Amino acid sequence: MSEFPAGLIPASLRDENGPVFREPWEAQSFAMVLALFERGAFTWPQWAAVLADEIERAQAAGDPDTGGTYYHHWLAALERIVSERGLTDRDALLRYHDAWDHAADRTPHGSPIVLSPEDFTPPN
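Residues numbered from 1 in each chain as written. Predicted model: local features only at pLDDT ≥ 70, side-chain atom pairs only at ≥ 80, totals over all residues. Heavy atoms only, no water.

1. Some thoughts on helix α1 (residues 24–38)
(1) Moving on: A rise of 1.5 Å per residue sets the reference length of α1, with its 15 residues, at 21 Å; its end C-alpha atoms lie 21 Å apart and thus fit the reference within 8%.
(2) Moving on: Of the residues making up α1, those classed as buried are E26, S29, F30, V33, L34 and F37. Buried positions in α1, seen along its axis, are confined to an arc of 135° and lie on one side of it.
(3) Moving on: Those residues of α1 hidden inside the fold are in contact with β2 (18–19), α2 (44–60) and α3 (70–84).
(4) Moving on: Phi for G40, located one or two positions after α1, is positive at around 85°. (Helix = DSSP H or I, 4+ residues; strand = E, 2+ residues; numbered from the N terminus. Expected span 1.5 Å × (residues − 1). Buried < 20%, exposed > 50% of the residue type's maximum accessible area, 1.4 Å probe, protein only. Arc of directions from axis to C-beta. Contact = heavy atoms within 4.5 Å.)

See the structure below:
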């Protein structure tokens with residue numbers, strides 16, 4: 001895997017082995033960014049600019065910048081950059097967001113969430 005700049009992840013979200021994640025979705029979002037970078041979907045400077053902008057937007061809206069919301073900004077930046085680069089569009093992102101919500105609603109607590117075709121169909 002390509003080396004990413006050490007300063008990309010705040011010290012409060014790293015240990016001696018690298019990034020520390022609180023939830024599986026944080027690690028998955030992180031991995032998606034690295035995979036897209038390695039495939040040439042964007043450069044680190046492009047990624048860093050979008051991420052910095054998302055963090056600045058959140059801070060301007062009142063985010064306390066304590067580290068607990070860092071991967072929310074990471075995910076917002078990921079969604080934005082894949083839209084801006086034409087890898088997907090906002091409609092597709094919204095469809096998947098809604099499908100995941102539907103799948104989560106029908107999944108018992110503690111069980112893995114699995115998407116199925118009916119998750120993409122709005123409930124009656």
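2. Observations regarding the environment of R80
(1) Moving on: Of note, R80 is situated in helix α3.
(2) Moving on: Classification of R80 as buried rests on a relative accessible area of 14%.
(3) Moving on: Look past the residues within four positions of R80 in its chain and what remains in contact with it is V50, D53, E54, R57 and R90.

3. Looking at the packing of aromatic side chains
(1) Moving on: As enumerated under the stated definition, the model contains 10 aromatic pairs in all.
(2) Moving on: Seen from their ring centres, W47 and W74 are 4.9 Å apart, and the 65° between their planes marks the pair as edge-to-face. In this pair, W47 is assigned in helix α2 and W74 in helix α3, connecting sequence segments 27 residues apart.
(3) Moving on: Using a relative accessible area of 0% as the deciding quantity, one classes W74 as buried.
(4) Moving on: Between Y96 and F120, the aromatic rings sit 4.9 Å apart at their centres with planes inclined by 80°, giving edge-to-face as the arrangement. On the criterion of sequence distance, the pair formed by Y96 in helix α4 (residues 90–106) and F120 in the segment after α4 is long-range, its members being 24 residues apart.
(5) Moving on: One aromatic cluster is present, built from ring pairs that chain together F21, F30, F42, W47, Y70, Y71 and W74. (Phe/Tyr/Trp six-rings, centres within 6.5 Å; stacked < 30°, edge-to-face > 60°.)

4. Quick look at the packing of α2 against α3
(1) Moving on: Interaxial distance between α2 and α3 falls to 9 Å at its minimum, and their mutual angle equals 125°. In terms of axis orientation, α2 runs oblique to α3. Viewed along their axes, α2 and α3 form a crossing whose handedness is right-handed. Between α2 and α3, the contacting residues are Q46, W47, V50, L51, D53, E54, I55, R57 and A58 on the first element and Y70, H73, W74, A76, A77, L78, R80, I81 and E84 on the second.
(2) Moving on: Residue classes in the contact of α2 with α3 are distributed as 11 nonpolar, two polar and five charged. (Axes fitted to C-alpha atoms, helices over the stretch in contact; angles between N-to-C directions. Parallel < 35°, antiparallel > 145°, perpendicular 65-115°, else oblique. Left-handed = near helix turned anticlockwise from the far one by under 90°. Nonpolar A, V, L, I, M, F, W, Y, C, P; charged D, E, K, R; others polar.)

5. Some thoughts on the nonpolar core
(1) Moving on: Formed by 18 residues in total, the largest nonpolar core has its most connected members in V33, F42, W47, L51 and W74.
(2) Moving on: Ranked by the residues each element gives to this core, the list is headed by α3, at seven residues. (Core = buried A, V, L, I, M, F, W, Y, C linked by side-chain atoms within 4.5 Å.)

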